[in-house]
Amino acid sequence: MPFHPSRRRLSRSVFLHGLLFAVIALVRMPTPPTALADPPKRPHREAPADKTAAVQLRSRIKALLKDGRIDDAVRAAQSALRDAPEDNAIRREFIDLHLSLGRSWLAEERFNDALTALDAVLRVQPGQPDAALLKKSIDDARRSIPTRLAQAREWVGIEWFEPAFNAYRQAVALAPERRNDWLKGYRAAAIGAGDDDYITKNFHQAFYYYDAALKLGDEAGIRPAPAVVSRWMQSLVHALDDDNRVRYPAAYWKIIFERISQTEYTGPDAAALRATLEGLAFEHAGDAERAVQAYGRAVRPQSRRTSSNVSAARRAAIDMVRKEYNVEAIGRRADEWKRNDTEAMQLFESDRFRIHHRNAVVAQQVGRSLDFHFARIADSWALDIDEIPWETKADVYLHSDRHAFLEATGQSPPVTAISRIRMQGGTIQQKIIHVHLADPMLLSSSLAHELAHLMTAEIRRDRPLPAVIAEGLALNAEPHCRHRQFARLFEEQKQPASIRRLLAFDDVHPTDVSFYSAAHRLMTVLRTRSHPADLLALRSESMDAKELARKCGFADARQLQLMYTRLAPDENRARIDNQPGSTN
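Residues numbered from 1 in each chain as written. Predicted model: local features only at pLDDT ≥ 70, side-chain atom pairs only at ≥ 80, totals over all residues. Heavy atoms only, no water.

Asks: So what exactly am I meant to see when it comes to the overall build of the protein here?
Replies: Tallying secondary structure elements over the protein gives 24 helices and five strands in all. Scored against the burial criterion, the 584 residues of the protein give a buried share of 50%. Of the contacts formed within the protein by residues at least 6 apart in sequence, a portion of 69% connects residues at least 24 apart. Accessible surface for the protein amounts to roughly 28000 Å². Of this, 50% is attributable to carbon and sulfur atoms. (Helix = DSSP H or I, 4+ residues; strand = E, 2+ residues; numbered from the N terminus. Buried < 20%, exposed > 50% of the residue type's maximum accessible area, 1.4 Å probe, protein only. Contact = heavy atoms within 4.5 Å. Areas by Shrake-Rupley, 256 points an atom, 1.4 Å probe, with all protein chains shown as cover.)

Right, dumping it as structure tokens:
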């Protein structure tokens, strides 16, 4: 199938289309300017013959912005325009400042502040095209909120949590008066996104989402489940341990312990979690003696001895917290997911899939997820759905648990899903996906990954891609939490495989996590110069790094290799350990 190298499909999202396209590099503004009103008119004055006043104003505005004095910069522009309302150069500086502020606040989703800045521009210059376009984008986004939130509710149902969270967040920013109406859905998306990052051990992000969920629950009058609070505190401990060389100020730790006391958590791990956090706080403050004492409280009564060395004491406390890490406690695959309605496999069919199952409710949810990912992947590859050959339906087998999956497929841990393709004479005779229902990332990650493999095979037919490219495309179809995970794992590699070695790799279902992290990294680099459609159109199954670099727009193989290895791992960086052979 032909691919046009310059073909790029615009996003189908109607929510913020065209809204954040012009972002400038400004400091974060904690508060909006006190006044952005139309400056009062003064008696007419002749405009200055030179641009000295405008040049001086520009210099002053730059200096004030550099110091973070946004209010003063706005006042300076207003004052200058009041003094010389007919001076076009002064007027231009006023407009440029307010457009810059408006764009910056759009990037921060401070939509009301952005509108205030844009209205100021339009009062000074009615119909100013940039301001009018940006204002229209906000108005269009507000009108699309119902459509976007209906989409977000569907996403929560198929566990596409992070985009759902972003949709709720943006809707609340666009229409804050409706915030209370959306709190429960917003909170559900936050918990789901936190669980995704907890499962993939992205603890900084997990804490962010859990913290948002706790605050949203407080607003909605919903008490948090103890397990969520436990994961919130675990994520905080691991994130702070990961940042062990960062010295946070005392005010930061005060906020942390205030938040912890407000949760009133009394679970079995509460004492160890709090003591470990106290140890981290003392250690960050340079008080090694009190840090050791706090770490000691975290490990007792399980251990009677505590090292007097602060680093060893911290490791013992962190190890104690690590034992509480439990993905199954999330409960994502409880209740309906564990129920078998029939002894033998039943069949649920859709337009593209035959789902073999023992629970019709689960089969329908899996079917919705497959349809969603099919359309989403096609869109990201700049293809219409009907451009992807799919003459035979794919068979999807839902096994009850990991043991049943491994027994049926002959695989070994840590494999959680697998796809197989049977071809004859350049025609695909059969497409199969095997998954199991205990997989917490089944709907968002495993199905998307294996489906991307099937879609690639249908597009390529008898022209297989290099394994690392095919795997990179499949990894790219997974949710953002997995992208963060594999980026982190790549950074932890002491000596990543070279691109030459990756291209020679031909194992169809490797279990080495380093291969996946390297494939993800390579795909990230290739996508800086190439679109997935370009990669799908590569003509050779076997190619060297020089050929790949040339076809993907790099100067040579050396440039591609340098970009691939540019994020050199820091051997001294403390990280949560990852079990060998596990993608977690």
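Asks: Teacher, can you tell me more about the side chain of Ser-517 here?
Replies: You can see Ser-517 is positioned in helix α21 (residues 513-526). On the basis of relative accessible area, Ser-517 is assigned to the buried category, the value being 1%. Polar side-chain contacts of Ser-517 include one of 2.5 Å to the side chain of Gln-493. (Polar contact = N/O pair within 3.5 Å; in protein donor to acceptor, adjacent residues only side chain to side chain.)

Asks: What is the right way to read the packing of aromatic side chains from this model?
Replies: The geometry of an aromatic ring pair is captured by the separation of the ring centres together with the interplanar angle, meaning the angle of the planes. Evaluation of the coordinates by the stated rule reveals 21 aromatic pairs. Both rings, one in Phe-165 and one in Tyr-209, keep their centres 5.0 Å apart while their planes meet at 85 degrees; by these two values the pair is edge-to-face. With a gap of 44 residues between them, Phe-165 in helix α7 (residues 161-174) and Tyr-209 in helix α9 (residues 203-220) connect regions that are remote in the sequence. Each member of the pair, Phe-165 as well as Tyr-209, is classed as buried. Aromatic side chains Tyr-248 and Tyr-252 sit 4.5 Å apart centroid to centroid with 15 degrees between the ring planes, which places their arrangement in the stacked category. (Phe/Tyr/Trp six-rings, centres within 6.5 Å; stacked < 30°, edge-to-face > 60°.)

Asks: Explanation requested: the nonpolar core in the structure shown.
Replies: Looking at soluble globular proteins, one finds that nonpolar side chains tend to be buried together. If you look at the biggest cluster of nonpolar residues, it comprises 102 residues, and the most contacted ones within it are Leu-97, Ile-138, Trp-182, Trp-232, Met-233 and Leu-277. In this view, Met-233 contacts Ile-260, Tyr-265, Ala-270, Leu-273, Arg-274 and Leu-277; residues no more than four positions away in its chain are not counted. Counting residues in each nonpolar core, the second largest holds 65 residues, with Ile-355, Met-455, Leu-522 and Leu-538 among its members. (Core = buried A, V, L, I, M, F, W, Y, C linked by side-chain atoms within 4.5 Å.)

Asks: Explanation requested: the packing of helix α8 (residues 179-199) against helix α10 (residues 226-242) in the structure shown.
Replies: Each packed pair of helices is defined by two parameters, the angle between the axes and the distance between the axes. One way to put it is that α8 packs onto α10 with a least axis distance of 11 Å and a crossing angle of 50 degrees. With respect to α10, the axis of α8 lies oblique. The way α8 lies across α10 gives a crossing that is left-handed. Packed against α8, whose contacting residues are Ile-191, Asp-195 and Tyr-198, the element α10 presents Val-228, Arg-231, Gln-234 and Ser-235 at the interface. (Axes fitted to C-alpha atoms, helices over the stretch in contact; angles between N-to-C directions. Parallel < 35°, antiparallel > 145°, perpendicular 65-115°, else oblique. Left-handed = near helix turned anticlockwise from the far one by under 90°.)

Asks: Honestly, the pairing of strand β2 (residues 353-357) in this entry has me stumped. Any pointers?
Replies: It is a general feature of regular strands that their side chains alternate between the two faces of the sheet. When you tally the buried positions in β2, you get four out of five residues, the bulk of the element. Relative to β2, strand β1 (residues 346-349) runs antiparallel, the two being bridged by four bridges. Looking at the pairing, Glu-349 lines up with Arg-354 of β2. Here β1 folds back onto β2, and the loop between the two strands holds three residues. In this region the chain leaves β2, passes through helix α15 (residues 360-380) and returns to the parallel neighbour strand β3 (residues 394-399); the handedness of that crossover is left-handed. (Pairing = 2+ DSSP bridges. Right-handed = clockwise from strand over helix to strand, strands pointing away.)

Asks: Would you mind showing me how to read the packing of α15 against helix α17 (residues 442-460) here?
Replies: The N-to-C vectors of α15 and α17 enclose an angle of 55 degrees; their axes lie 9 Å apart at closest approach. In this view, α15 runs oblique relative to α17, as classed from their interaxial angle. Crossing angle aside, the handedness with which α15 passes α17 is right-handed. For the pair α15 and α17, the contacting residues are Gln-365, Val-366, Ser-369, Leu-370, His-373, Phe-374, Arg-376, Ile-377 and Ala-378 in the first and Leu-443, Ser-444, Leu-447, Ala-448, Leu-451, Ala-452 and Met-455 in the second. Here the contact of α15 with α17 is composed, by residue class, of eleven nonpolar, four polar and one charged. (Nonpolar A, V, L, I, M, F, W, Y, C, P; charged D, E, K, R; others polar.)

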